[in-house]
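Residue-level structural notes
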Amino acid sequence: MGTPAAYFNEREHQICLVARMIEDGHTYWVAGGGSPMAAILLAKKLLAPEAVYVTEDGVVNPEPMLPLDPLMTMVSSRASYRALQWGTMNSVGFQAQIGLMDVGILNTLQVDPYGNINSTATGDYGGEHRRFGGPGGADSIAALCWKTILMTDQQKRKFVPRVDFISSPGYLDGTEGARERAGLPRGTDPWRVVTPWAVFDYEDRYMRLAGVSPFVTVEQVLAEMSFEPKMAKEIETLETPTEEELAVLRSELDQRGQITDVGKPIIRLDDGTYQFVEEEQDEAKAKETPSSW
Amino acid sequence: MPQLKILAEGKGEYLKVDPDGYREYVRDHKQRAMVSKLMSEKEAVEKFVANGDYLVYECNYLQRGPSSLIREVIRQKKEDLWLGAKFTWVAAALLVGAGCVSKLDVGFFLFGPVVEEAIREGRVKAYEYSNVVMSNRIMAGAMGLPFIPVRSFGGTDGFQYSGAKLIEDPYTGQPITLVPALNPDVALIHAHQADIYGNARIFGTGISHVESAYASKKVIISTEEIVDTEEIKRDPARTSIPYYAVDAVVHTPFGAYPGEMQGRYASDMGHVIEVVGATMRGWIPKYLDKYVYDVASHAEMMDKVVGYERMREITGRATIKEGYSV
């Protein structure tokens, strides 16, 4: 598919993993800004030009003027440039409600084995807790798209046995039919969880490790989870970014490094082996970075 | 007679639902006559925003929102507001930091120490929804209905802390989530163009500006430009909101500042970083002194604090005109 890149960082790798899941002729309802948006735009530039990108504020298939402004994306003239339709949050919500949105792409703070998502509060919601911004559009994306791709980091505090607060629904308590019993549409599912280190799918509504990046081991991935996932019979070795993918990501989509350059470790591919070339960012700094945008 | 089955319900307080009461309010208060509603931001907020009101703003402080009106609400030290905090970025934090808020219906806001502390200390009570569910609730209010069924939101913990109910749908027999309609006391909406009666044009994407205008008892439109009614009549399909839903029209060039107004000016990057930083680091009082309390009006802020050079710069960066034409 291209020349394997010699240098890339974890976030770039994760964005490329998601971009390669995107297919022509399908609709993608994508959380505003950040890695999910970078993944769909990278796919449309290079891999699946006929994939249809729909935003939380109801913009149907824009061709955003690049590079995007730092911080602000939704409702901006650059982000909604050359679209097929400008709608509203209600119009896109109703489009999703009738089943027009195939795949949702989301970021999250915390996820559990059932694919439930927390972006509201960590700790005890009724007592001591740390408050975050709420689900925004994620709840509707997770409820109404036929399938959902979730992006997060491979960290023990992010993969928890039970999220502290279900902001957006996965398989809820994991029992068969739980989503339907809660009034959610039939046939909608969490589908993939993608971190820089691994890709997960689901088996019987429980998270399953399906692929691992070549620069880490299965043991390292499992050590960064607070629960044990199911294991696929064969764990795929994930492909790292190509020079072509990085060229689009770095020179067209994210010139300022606002999405990818968040202190993520850099990996070097040298003579077939991968090595981390920088230290991981410290934990305290990581906590200050709001990753649920 | 068969009983309606409620399968689960949230325990969150919600704004009282009263569609007939709302109709009567509309009958008695919304001007049918074409009368000028043009007034200053000071007068509009004094007249139409009361302590204790439920307040919604369309878009937000950083994205084609009624930023100058939000600053005026803060300047007038309104209290005890209940915010419809959907898709809100920093606006909720500014209003909470200014002491204007006692309740929040959450869709999304940019978190930070100010809102977090206010919630932890019990000064502000939060109820949980999502951006789409909040927009759906306003849609129901705009339709004159008491509630709206939604296919999302069920099964979440937000449901537990909201006014939602899960019932057995009397038509399909399947479980369905209902959320209460929302008829806010006041909506703040920023428009590209309006005439003096309130016929307003808003270009580009949005959240629920048309719905908020129909759902809210008092509607304040700030507008970049006042146009003649003849101009409105030249292209009626572009009227987003008709005059009889509107209570006040405020002529406010750069009213969305520091946010972008599509087709007219880009966002002021430096200011955006300043206000986001203030939200994340708890420096809201300092921000409010500079941009709200130490100036008498939006005009004075633009003139003395922001200045011509930055207005020229953000205007120059608004290169995309398609769809936002005047």
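Residues numbered from 1 in each chain as written. Chains lettered and ligands numbered in written order. Predicted model: local features only at pLDDT ≥ 70, side-chain atom pairs only at ≥ 80, totals over all residues. Heavy atoms only, no water.

**Section: the interface of chain B and chain A**
Of the residues lining the interface, 57 residues belong to chain B; the matching set on chain A comes to 59 residues. The junction of chain B with chain A conceals about 4,800 Å² of combined surface from both sides, 62% of it contributed by carbon and sulfur atoms. Our enumeration of links across chain B and chain A arrives at one salt bridge. Here Glu128(B) ties to Arg131(A) by a salt bridge, and the two come within 2.6 Å at their closest N and O atoms. Counting across the interface, chain B meets chain A through 20 residue pairs in polar contact (both at pLDDT 80 or more). For the side of chain B that touches chain A, the secondary-structure elements that each account for two or more residues are helix H5 (113-120), strand E5 (125-128), helix H6 (131-142), helix H7 (157-160), strand E8 (175-180) and helix H10 (269-281) of chain B. If one sorts the elements of the side of chain B that touches chain A by residue count, H6(B) sits on top with six residues. Considering only residue class, the side of chain B that touches chain A consists of 29 nonpolar, 19 polar and nine charged. (Contact = heavy atoms within 4.5 Å. Buried area = accessible area lost by both parts, 1.4 Å probe. Salt bridge = Lys/Arg side-chain N within 4 Å of Asp/Glu carboxyl O. Polar contact = N/O pair within 3.5 Å; in protein donor to acceptor, adjacent residues only side chain to side chain. Helix = DSSP H or I, 4+ residues; strand = E, 2+ residues; numbered from the N terminus. Nonpolar A, V, L, I, M, F, W, Y, C, P; charged D, E, K, R; others polar.)

**Things to note about the packing of aromatic side chains**
In this structure the tally under the stated criterion is 23 aromatic pairs over all chains. Ring geometry for Tyr171(A) versus Tyr202(A): centroids 5.5 Å apart, planes at 75°, classification edge-to-face. Taken as a pair, Tyr171(A) in the loop between strand E11 (147-151) and helix H5 (178-181) and Tyr202(A) in strand E13 (residues 198-203) lie far apart in primary sequence, 31 residues in all. For Tyr171(A), a relative accessible area of 9% gives the class buried. Aromatic ring contacts, followed pair by pair, group Tyr114(A), Phe159(A), Phe200(A), Tyr206(A) and Phe227(A) into a single cluster. The lysine or arginine in question, Arg192(A), covers the ring of Trp191(A), its NZ or CZ lying 4.0 Å from the ring centre. Over the aromatic face of Tyr25(B) sits the side chain of Lys217(B), whose NZ or CZ is 5.3 Å from the ring centroid. (Phe/Tyr/Trp six-rings, centres within 6.5 Å; stacked < 30°, edge-to-face > 60°. Buried < 20%, exposed > 50% of the residue type's maximum accessible area, 1.4 Å probe, protein only. Lys NZ or Arg CZ within 6 Å of the ring centre and 35° of its normal.)

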